[in-house]
Amino acid sequence: MLSIDLSGKVIVVTGGGTGLGRAMTETFVKCGARVAICGRRSHIVEEAAQSIGPAVRPYTCDVRSWESVDTFLKQVILDLGTIDAVVNNAAGNFLYASERLSPKGFRAVVDIVLMGTFHMSRWAGAYWIDNRRPGHILNIVTTYTDTGCAFVLPSAAAKAGVQALTLSLAYEWAPYGIRANAIAPGPFPTQGAWSRLMPGSDFEEKYLQRLPTRRYGNYAELGALAAFLLSDLAPYITGAVIPIDGAERLQGAMFNYLAQITDRETLYHVFEMMRQAARSE
Ligand code: HXC
Ligand code: NAP
C-alpha cells in the first residue's frame, strides 16, 4: 500500500487557521508533519492549533509586511528547527464592479496575495539556498489565472502574478533543489470565500448546475493533492500548476454548453436530426 509520508517535515501554511489552509494543515498532520500556521487574527490560529493537536504551532503574522514575515519565519526555525516547505494560501478577495473599485481596495487584495507570496517565498528561498537545503514553495492560486475573471479584478491580477512567480522560481531555483508548484482549486465552499463571493442561495443553485460534476470539491481531496506534492513521492514535479476543479474551468469551450442538455436521449435526437438534415442538403 502506497501512503503519503510527511514525517520529519516542517511545513508553514499561511492562512492556516481557516478554510482550505486549515484543511490542508489537518491532512499534513495526519501524514506525520509538524505545521506552523499563521494569520492576522491570533485567536483564530490558536483555536485551530488547539483543536488539531500538538503538531500544529500557531503564529500571528501579516504576510503583507516583510518585517512580520521575517519575525515569523525566524521564530518557526527557533521553535521547530527548520522549514521544509511553505504553502502560500493566505488570500483576500471580494466581488465588485471594476469601474467602482478604489485603488485602496485593489491594493488590499494584491498586497495579501502577491506581495505576501513574494515575501514568504523570498525569505524561504534565501534560507534554503544559504543553508544548502532543499525546499518547496506551494502556492494556492485559482482557475482564472490564465483567463482573468470579471468582478474579481484584484484577485485575478494578483493570482496571475503568483502563477508567474511560481513558474519563474521553479526554473531559477531548480539547481538548488527548490521546487515551486501551484494548486488551482475550483469551488470549495468555505466561510471566507462564500461570504464574499457567493451572493445568495439562488446564485448558488445556478452555479452548481453549471458544474459538470454537479458538486463542489471537498477538503480531503485538496489536502491529499497538497500532501502528495510536498512529499518525497513528487521530487520531479516542479513548475506545475495543477487544477483541482472537476473540469469547471473548461465550460467556456465552444460546444460544452450542449452538456446543459442532461437527457442523453434528447441529445441523441438533436444530433440525429442534424445528421439527417446535413444528408439532404
Ligand atoms: C468593495 C471593498 C470590499 C468589498 C473591502 N473593500 N471590502 N470594496 N467590496 N466587499 C475595499 C474597502 O472599501 C477599502 O477601500 C479597501 O478595500 C480596504 O478595505 P479594508 O477592509 O480596510 O481592508 P483589509 O482590512 O485589508 O481587508 C482585506 C479584504 C478582506 C481583502 C478586503 O475581505 C479580508 O481580510 N479578506 C481575507 C479573507 C478573504 O478574503 N477570503 C476569501 C479568499 S477566497 P476604501 O477606498 O473604500 O477605503 C478566494 C477564492 C477565489 O480567493 C476563487 C473562488 C472560486
Ligand atoms: P479563507 O478561509 O478566507 O482563507 C484566507 C486566510 O488568509 C484566512 O485564514 C486569513 O486569516 C488569511 N489571511 C488573509 N490576509 C492575511 C494576511 N495579510 N496575513 C496573513 N494571513 C492572512 O478562504 P479559503 O477559501 O480557505 O481560501 C484559501 C485559499 O484558497 C486562498 O488562496 C484562495 O484564493 C484559494 N481558493 C479558494 C477557493 C474556494 O473556493 N474556497 C477557490 C480557489 C482558490 P486572517 O484574516 O486571520 O489573517
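Residues numbered from 1 in each chain as written. Chains lettered and ligands numbered in written order. Predicted model: local features only at pLDDT ≥ 70, side-chain atom pairs only at ≥ 80, totals over all residues. Heavy atoms only, no water.

Draft legend 1. Representation of the pattern of salt bridges within the structure. A complete count under the given rule lists 10 salt bridges for this structure. Asp 62 is paired through a salt bridge with Arg 64; the nearest N and O atoms lie 2.7 Å apart. Asp 62 sits in the partly exposed class, given a relative accessible area of 21%. Here Arg 215 makes a salt bridge to Glu 221, at a shortest N to O gap of 2.8 Å. Since its relative accessible area comes to 29%, Glu 221 is described here as partly exposed. Among the charged side chains, a salt-bridge network with shared partners connects Arg 22, Glu 26 and Glu 47. (Salt bridge = Lys/Arg side-chain N within 4 Å of Asp/Glu carboxyl O. Buried < 20%, exposed > 50% of the residue type's maximum accessible area, 1.4 Å probe, protein only.)

Draft legend 2. Looking closely at the environment of Ile 4. Tracing the backbone shows Ile 4 in the segment before β1 (10–14). Between the C-alpha atom of Ile 4 and that of Asn 131, which follows or precedes it by 127 residues, the distance is 26 Å. Apart from the residues within four sequence positions on either side, Ile 4 is in contact with Cys 31, Ala 224, Ala 227, Phe 228, Ser 231 and Leu 233. (Helix = DSSP H or I, 4+ residues; strand = E, 2+ residues; numbered from the N terminus. Contact = heavy atoms within 4.5 Å.)

Draft legend 3. Fine view of the site of ligand 2. Residues in contact with ligand 2 amount to 27 residues; listed here are only the nearest, Thr 18, Arg 40, Arg 41, Asn 89 and Thr 190. In the model, a nitrogen atom of ligand 2 is placed 3.5 Å from a nitrogen or oxygen of the Cys 61 main chain. Between ligand 2 and Asn 89, the relevant distance is 2.7 Å, taken from an oxygen atom to a main-chain nitrogen or oxygen of the residue. Within the complex, 90% of the 870 Å² of free accessible area of ligand 2 lies under protein. Mapped by element, the contributors of at least two residues to the shell around ligand 2 are α1 (19–30) and α6 (191–197). Ranked by residues supplied to the shell around ligand 2, first place goes to α6 with three residues. In terms of residue class, the shell around ligand 2 is made up of 13 nonpolar, nine polar and five charged. (Near = heavy atom within 4 Å. Polar contact = N/O pair within 3.5 Å; in protein donor to acceptor, adjacent residues only side chain to side chain. Areas by Shrake-Rupley, 256 points an atom, 1.4 Å probe, with all protein chains shown as cover. Nonpolar A, V, L, I, M, F, W, Y, C, P; charged D, E, K, R; others polar.)

Draft legend 4. Representation of the nonpolar core within the structure. Within the largest apolar cluster, 28 residues are counted, with the highest numbers of intra-cluster contacts made by Val 12, Phe 72, Val 76 and Ile 83. For this core, the secondary structure elements donating two or more residues are β1, β2 (34–39), α3 (66–80), α4 (103–130), α5 (153–173) and β6 (178–185). By residue number, the principal contributor to this core is α4, which donates six residues. Once residues within four sequence positions are removed from consideration, Val 12 is found in contact with Ala 36, Phe 72, Leu 73, Val 76, Ile 83, Ala 85, Val 86, Val 87 and Met 120. Cys 31, Ala 48, Phe 188 and Ala 227 belong to the second-largest nonpolar core, a separate cluster that totals 27 residues. (Core = buried A, V, L, I, M, F, W, Y, C linked by side-chain atoms within 4.5 Å.)

Draft legend 5. Here's a closer look at the pairing of β1. In terms of burial, β1 is a largely internal element, five of the five residues being buried. Taken together, the five bridges between β1 and β2 define a ladder with parallel strand orientation. Of the residues in β2, the one forming a bridge with Ile 11 is Val 35. Note that the unit made of β1, α1 and β2 has a crossover that is right-handed. (Pairing = 2+ DSSP bridges. Right-handed = clockwise from strand over helix to strand, strands pointing away.)

Draft legend 6. View of the packing of aromatic side chains. For the structure on display, the rule yields five aromatic pairs. An angle of 80° between the planes, with centres 6.3 Å apart, marks the rings of Phe 94 and Tyr 96 as edge-to-face. The side chain of Lys 206 reaches across the aromatic face of Phe 203, ending 5.8 Å from its centre. (Phe/Tyr/Trp six-rings, centres within 6.5 Å; stacked < 30°, edge-to-face > 60°. Lys NZ or Arg CZ within 6 Å of the ring centre and 35° of its normal.)

Draft legend 7. Structural view of the state of the cysteines. A full pass over the atoms with the stated rule returns zero disulfides. Free cysteine Cys 61: the closest other cysteine sulfur is in Cys 38, separated by 4.5 Å. Look at Cys 61 and you get buried, because its relative accessible area is 4%. (Disulfide = S-S within 2.5 Å.)

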